[in-house]
Structures are given as structure tokens and as C-alpha cells.
Amino acid sequence: MPPIEETREETIRRLNAQADSLKARATPEPPEYGGAAVGYGYRIMAEMIGGVLVGLGLGWGFDMFVGTAPWGTIVGTLLGFAVSIWLAVHSAKKLSARALKEFGPPRDLPDDADVDEQDR
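Below or above, wherever it landed, is the structure these notes cover. Note that the structure is predicted; figures quoted are calculated from it, not measured.

Our next topic: the overall build of the protein chain. Assigned secondary structure in the protein chain consists of four helices and zero strands. Walking the protein chain from its N terminus toward its C terminus, one meets helices and strands in the order α-α-α-α. Counting across all 120 residues of the protein chain, residues that qualify as buried make up 12%. Here the analysis covers contacts within the protein chain between residues at least 6 apart in sequence; of these, 64% occur between residues at least 24 apart. Here the protein chain has roughly 10100 Å² of accessible surface; of this, 67% comes from carbon and sulfur atoms.

Structure, rendered in C-alpha cells:
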């Protein structure tokens, strides 16, 4: 059976489709950093605010029960702030280790990004 002759346009379309298919397989999808980073940021922010509010509430409750106003509130707020800082650092270390495992080591910016900063 003789080979079927393709027109030039059909050959170009077929080769372009094969090239697009190869490009799609060869180019890996970049990981989505945005959603995870926003979630991590909100989590740490909630821990910071929550720690201060819990310390403030416990200090205020202590003041109401014992009658040492405003010292219980002040000490409770400071302790809540200290605990929230500790929790935020602990969470940041844990989330950083998870991101390193999931996304790999951080990558440098392209060289042309540095040039843009110098032009400004």
C-alpha cells in the first residue's frame, strides 16, 4: 500500500500538535505557593491575637476574683503576649519545615529582577 501524502498545512498542524504535547509533558506545573502562604500567615496571626486576648481575659478574671485591679490585667496581658510569641515562633518553625518538605528549598530570584530594582 503506498504511503498517504499529506499536504504541507496538515503536516505543520500535526507537528505543532506533537510539539505542544511534548512541551506540556516536559514543563512541570509550578507549585501553588499563594494559598498555602496566606493560610500560614492567618494561622500565625490568629495565634498572636488569641494569646493576647486569652491572657487579657484571664488577667481580668483574676482581678475580678481577687480584687487586684489593674495588676492582674497587666500581668495577664504580658504573659499572654509572651505565650503568643512563643506559639508563633513554634508554629513558624513547624510550617517552615513542612513547606521545605513540600516545596523544596527556596529558589533565588532571576537575575533580571535585580536589574529592575537598580533602575528605580
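Now that the structure is up, let's keep going.
Bringing a nonpolar patch on the surface into the picture now. Where nonpolar side chains cluster on the molecular surface, the patch consists of Val 38, Tyr 42, Met 45, Ile 49, Leu 53 and Leu 56 and spans about 580 Å² of accessible area. Within the element layout of this structure, Leu 53 appears in helix α2 (residues 34-66). For Leu 53, a relative accessible area of 51% puts it in the exposed group.

Thresholds applied
Residues numbered from 1 in each chain as written. Predicted model: local features only at pLDDT ≥ 70, side-chain atom pairs only at ≥ 80, totals over all residues. Heavy atoms only, no water. Helix = DSSP H or I, 4+ residues; strand = E, 2+ residues; numbered from the N terminus. Buried < 20%, exposed > 50% of the residue type's maximum accessible area, 1.4 Å probe, protein only. Contact = heavy atoms within 4.5 Å. Areas by Shrake-Rupley, 256 points an atom, 1.4 Å probe, with all protein chains shown as cover. Patch = residues over 30% accessible without salt bridge, like charges linked within 9 Å, V, L, I, M, F, W, Y side chains within 5 Å. Salt bridge = Lys/Arg side-chain N within 4 Å of Asp/Glu carboxyl O.

Just geometry here; none of it tells us what the structure is for.
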